[in-house]
Amino acid sequence: MTGMTTSGRPFLNRRLAEFGTTIFAEMSALALRTGSINLGQGFPDTDGPDEVREAAVRALRDGRGNQYPPGPGVPELRTAIAEHQHRRYGLAVDPDTEVLVTAGATEAIAAALLALLEPGDEVVALEPYYDSYAACIAMAGGRRVPVTLRPHDGAFRLDLDELRAAVTDRTRLLLINTPHNPTGTVLTRDELAAIAALAVERDLLVVTDEVYEHLVFDTSEHVPLATFPGMRERTVTISSAGKTFSFTGWKVGWVTSTPELVTAVRSAKQFLTYVSAGPFQYAIAEALRLPESYFEGFRADLEAKRDLLAAGLRTAGFEVFRPQGTYFITTDITPFGEKDAYAFCRALPERCGVVAIPNSVFYDDPDAGRSQVRFAFCKRENVLTEAASRLRKAFNG
Ligand code: PMP
Ligand code: GLN
């Protein structure tokens, strides 16, 4: 709904006018209204580990974090994040100067872009892009320059020549996301090395959204961009507890980078939320120290769910792009003679009581993703089976 003052000037400024309501809110509301199975918005239908939830309760009861925590985040969490980066990736991160806790990755993205961009700066981002990237670039007065991931051999791939060609003298930063939402692409070591070489050659900053770092399947591996030569000093790495620990509602995210870049991002963060919710930070500090078996179990569970839903979608007649990471499967609806993902997703609840996300909204080029539909598989097995069965009956008899 839009509005305007009597002079005719819209309430919503020009920077945000194109964005409307996020597709996730729209489709979750549709699921609720129609009582459909929600494979749209990416949130699990079971909560994360009991001991992590209990740690939050304990923190609340013990009065830890009930008043404003420190701006950079509570020391326990910053230390746990630094240990995680070192243990997993061999990255040495100083918990005092090189970590910033944010209100989810969403705030980290906003704060990074607001801090690092001047109006008119160009941001090269992978397309389809997570919806907040476009809005945050716009809020910062930047210009987004998409580089489209294109289907190739059943998966979406980055064309490195296109990426190189997208960089101009006005480019300030590369906004990278791996594992990639919505396509499930995990950039390979070679691709990341080429991105890193480009960033060094053109002296670009890199903001890298790695919220699905623990969700990689088969033989794929997640390699942080910050580990490549010349990258540590120019990379802002973003992650979040929401995906890894299945507490998306807690909104605990973080940034790791150099002291100078963390200070810059904090300059924006302090005026967005000032600090992030306290008690959850203590709980996530404990979560990050869960044994390796937790991370492997979580990953294996989602890999099995990916296979279950992918098989169901294929049987129903969708063209399925097999994701190497994240908890999303992108499909194509052209085999049904359908061309418009948005119309398809709006009609889907009535056709069979399932909600999905049209990827078309994640593209600048309306034709590029027009027939792509995304399904989330971070749901209980019986829910996925039921959704697949409904889709099969609706589309394949
Ligand atoms: N980046 C990507 C790629 C995402 O899919 C999401 C969705 N949750 C976010 C950032 C936001 O993370 P958070 O919920 O921690 O704000
Ligand atoms: N990241 C989630 C997704 O892609 C949604 C988060 C949100 O609604 N902002 O589905």
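Data block above holds the structure.
Notes on the structure follow. What you are looking at is a predicted structure, and each value in this text was computed from that prediction instead of being measured.

About the thresholds
Residues numbered from 1 in each chain as written. Chains lettered and ligands numbered in written order. Predicted model: local features only at pLDDT ≥ 70, side-chain atom pairs only at ≥ 80, totals over all residues. Heavy atoms only, no water. Near = heavy atom within 4 Å. Polar contact = N/O pair within 3.5 Å; in protein donor to acceptor, adjacent residues only side chain to side chain. Nonpolar A, V, L, I, M, F, W, Y, C, P; charged D, E, K, R; others polar. Phe/Tyr/Trp six-rings, centres within 6.5 Å; stacked < 30°, edge-to-face > 60°. Helix = DSSP H or I, 4+ residues; strand = E, 2+ residues; numbered from the N terminus. Buried < 20%, exposed > 50% of the residue type's maximum accessible area, 1.4 Å probe, protein only. Lys NZ or Arg CZ within 6 Å of the ring centre and 35° of its normal. Pairing = 2+ DSSP bridges. Contact = heavy atoms within 4.5 Å. Axes fitted to C-alpha atoms, helices over the stretch in contact; angles between N-to-C directions.

1. A word on the site of ligand 2
Residues in contact with ligand 2, as listed here, are F24, Q41, G42, Y130, N181, Y212, K243, F328 and R374. One of the side-chain N or O atoms of K243 is found 3.4 Å from a nitrogen atom in ligand 2. For the shell around ligand 2, the residue count by class is four nonpolar, three polar and two charged.

2. Observations regarding the packing of aromatic side chains
For the coordinates displayed, the defined rule picks out 22 aromatic pairs. An angle of 75° between the planes, with centres 5.7 Å apart, marks the rings of Y212 and Y327 as edge-to-face. Of this pair, Y212 sits in the loop between β8 (205-209) and β9 (235-240) while Y327 sits in the loop between β11 (319-321) and β12 (328-332); the two residues are 115 residues apart in sequence, bridging distant segments of the chain. Assigned by exposure class, Y212 and Y327 land together as buried. With a centroid separation of 5.5 Å and 25° between ring planes, the pair formed by F344 and F395 is classed as stacked. Here F395 lies in helix α13 (residues 381-396) and F344 lies in helix α12 (residues 341-352), a separation of 51 residues in the sequence. Each member of the pair F344 and F395 is classed as buried. Grouped by ring-pair contacts, the aromatic residues F318, F336, F344, F375 and F395 constitute a single cluster. Over the ring of Y282 we find R64; its NZ or CZ atom is 4.7 Å from the centre of that ring. For K379, the ring lying beneath its charged end belongs to F43, and the centroid distance is 3.8 Å.

3. Description of the sheet that holds strand β14 (residues 357-358)
Taken in spatial order, the four strands line up as β11-β12-β15-β14 in an open sheet, and their pairing is antiparallel. Looking at the sheet topology across the chains shown, the edges are occupied by β11 and β14. Where β11 lies against β12, three bridges are found, and the strand directions are antiparallel. Its bridge partner lying in β12, E319 is registered against D332. The sheet contacts of α12 involve β14 and β15 (372-376), and relative to β15 the element is tilted by about 45°.

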